[in-house]
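Structure assessment
As a plain string of letters, each chain reads:
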Amino acid sequence: MYNQIINPSVTAYDAATGTFLGEARFTLTAQAEKALLDWANYRIPIPSFIVVDSVFVPSDQYVPIIPNKTYHQEGIFRALFTRAETGQKVPIEMRGTYDWRARSMDPGNNVESAEFSNIRMNPLQETVY
């Protein structure tokens, strides 16, 4: 069982073409952390959730987003998960598809908050290191 998530990131790809778009690092809200822990611990489907303070490092092929527009992407979610029993940090990678939209109007690669929805994790593509 895991009880905490540290240092989350998503490596994003265009769902239609597979083109690498970049990597985002962000802070999970309490709701987002609970949803991801529920998936990792119990395989409860992940509802939509919000992340904050996202910093995106784009690829050379990246086209800037339009705020509040929904984008469908594939991604690799990576983070350190803390084992409740021992406190040991375990790196975990989860792959899946999702829709996301920036919830701030500011241009650039720093997004105050983003909403992830229509999340479909592939349990066969989860890696625990």
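One structure accompanies this document, and this report is about it. Values in this document were obtained by computation on a predicted structure and should not be read as measured data. (Residues numbered from 1 in each chain as written. Predicted model: local features only at pLDDT ≥ 70, side-chain atom pairs only at ≥ 80, totals over all residues. Heavy atoms only, no water.)

Quick notes on the overall build of the protein
Note the following rule: Working definition: helices are DSSP H or I runs of at least four residues, strands are E runs of at least two. Numbering for both runs from the N terminus. Only C-alpha atoms enter the radius of gyration, while the globule expectation follows 2.2 Å times N to the 0.38, with N the number of residues. Remark: exposure states derive from per-residue accessible area (1.4 Å probe, protein chains only) relative to the maximum for the residue type, with buried under 20%, exposed over 50%, and partly exposed in between. Note on definitions: a residue-residue contact is assigned when non-hydrogen atoms from the two residues lie within 4.5 Å. Using a 1.4 Å probe, the Shrake-Rupley method yields the accessible areas, and only the shown protein chains count as cover for residues. The charge count includes Lys and Arg as positive and Asp and Glu as negative, but it does not include His or the ends of the chains. The atoms used to mark charge sites are NZ of Lys, CZ of Arg, CG of Asp and CD of Glu.
Within the protein one finds one helix and six strands. Secondary structure of the protein in N-to-C order comes out as β-β-α-β-β-β-β. Here the C-alpha atoms of the protein give a radius of gyration of 14 Å, agreeing with the 14 Å that 2.2 N^0.38 yields for 129 residues. By principal-axis analysis of the C-alpha atoms, the protein measures approximately 45 × 25 × 25 Å. Looking at the protein as a whole, 42% of its 129 residues qualify as buried. Restricting to contacts in the protein with at least 6 residues of sequence separation, those with at least 24 account for 65%. As displayed, the protein has an accessible area near 7,100 Å², and 53% of this comes from carbon and sulfur atoms. Once the 11 positive and 14 negative side-chain charges of the protein are each reduced to a mean point, those two points are 4 Å apart.

As for empty space enclosed by the protein
Over the atoms a probe the size of a water molecule is rolled, and this reveals where empty space is left. Using the following cut-off: In the cavity and pocket records, a cavity denotes points on a 1 Å grid over the protein atoms alone where a 1.4 Å probe fits but cannot get out, a pocket denotes an open set with protein on both sides within 12 Å along at least 5 of 7 lines, and lining residues are residues with an atom within 4 Å of a point. Grid points are joined across faces, edges and corners, and a volume is the space filled by probe spheres set on the points. Three residue categories are used. Nonpolar comprises Ala, Val, Leu, Ile, Met, Phe, Trp, Tyr, Cys and Pro, charged comprises Asp, Glu, Lys and Arg, and polar comprises the others, including Gly.
If you walk through the whole model with that rule in mind, you get three cavities of 30 Å³ or more. Roughly 140 Å³ of volume is contained in the second largest cavity. Surrounding the second largest cavity, 16 residues form its lining, V10, F77, Y98, F116 and M121 being those nearest its centre. The greatest single-element share of the lining of the second largest cavity, amounting to four residues, is contributed by strand β6 (residues 110-128). In terms of residue class, the lining of the second largest cavity is made up of twelve nonpolar, three polar and one charged.

What to know about the pattern of salt bridges
Stated formally: Salt bridges are defined as contacts in which a side-chain nitrogen from Lys or Arg sits within 4 Å of a carboxyl oxygen from Asp or Glu.
Taken as a whole and judged by the stated rule, the model has five salt bridges. For E93, the salt bridge is made with R78, and the minimal N-O distance between the two is 3.1 Å. In this pair, E93 is assigned in strand β5 (residues 89-102) and R78 in strand β4 (residues 71-83), connecting sequence segments 15 residues apart. One continuous salt-bridge network, built from bridges that share partners, spans R78, E93 and R95.

Topic: the nonpolar core
Definition in use: Take the buried residues of types Ala, Val, Leu, Ile, Met, Phe, Trp, Tyr and Cys, join any two whose side-chain atoms come within 4.5 Å, and each joined set is a nonpolar core.
Residues L36, F49, F77 and F81 are the most contacted members of the largest nonpolar core, which totals 35 residues. Sorting the residues of this core by element identifies β1 (2-14), β2 (20-28), α1 (30-42), β3 (49-58), β4, β5 and β6 as the ones contributing at least two each. In this structure F49 touches Q31, A32, A35, L36, A114, E115, F116 and I119, once residues within four positions along its chain are discounted.

Let's talk about the side chain of T82
Positionally, T82 belongs in strand β4. Taking relative accessible area as the criterion, T82 reaches 5% and is therefore assigned buried. Those residues in contact with T82 that sit more than four places away from it in its chain are M1, Y2, N3, Q4, I6, G87, Q88 and K89.

Quick word on α1
Our working rule: Given the number of residues in a helix, its expected span is that number minus one, multiplied by 1.5 Å.
For α1, which comprises 13 residues, the first-to-last C-alpha distance of 17 Å matches the rise-based estimate of 18 Å (1.5 Å per residue) to within 8%. Residues of α1 that are buried: A32, A35, L36, L37, D38, W39, A40 and N41. Of the residues trailing α1, R43 is marked for its positive phi of about 60°.

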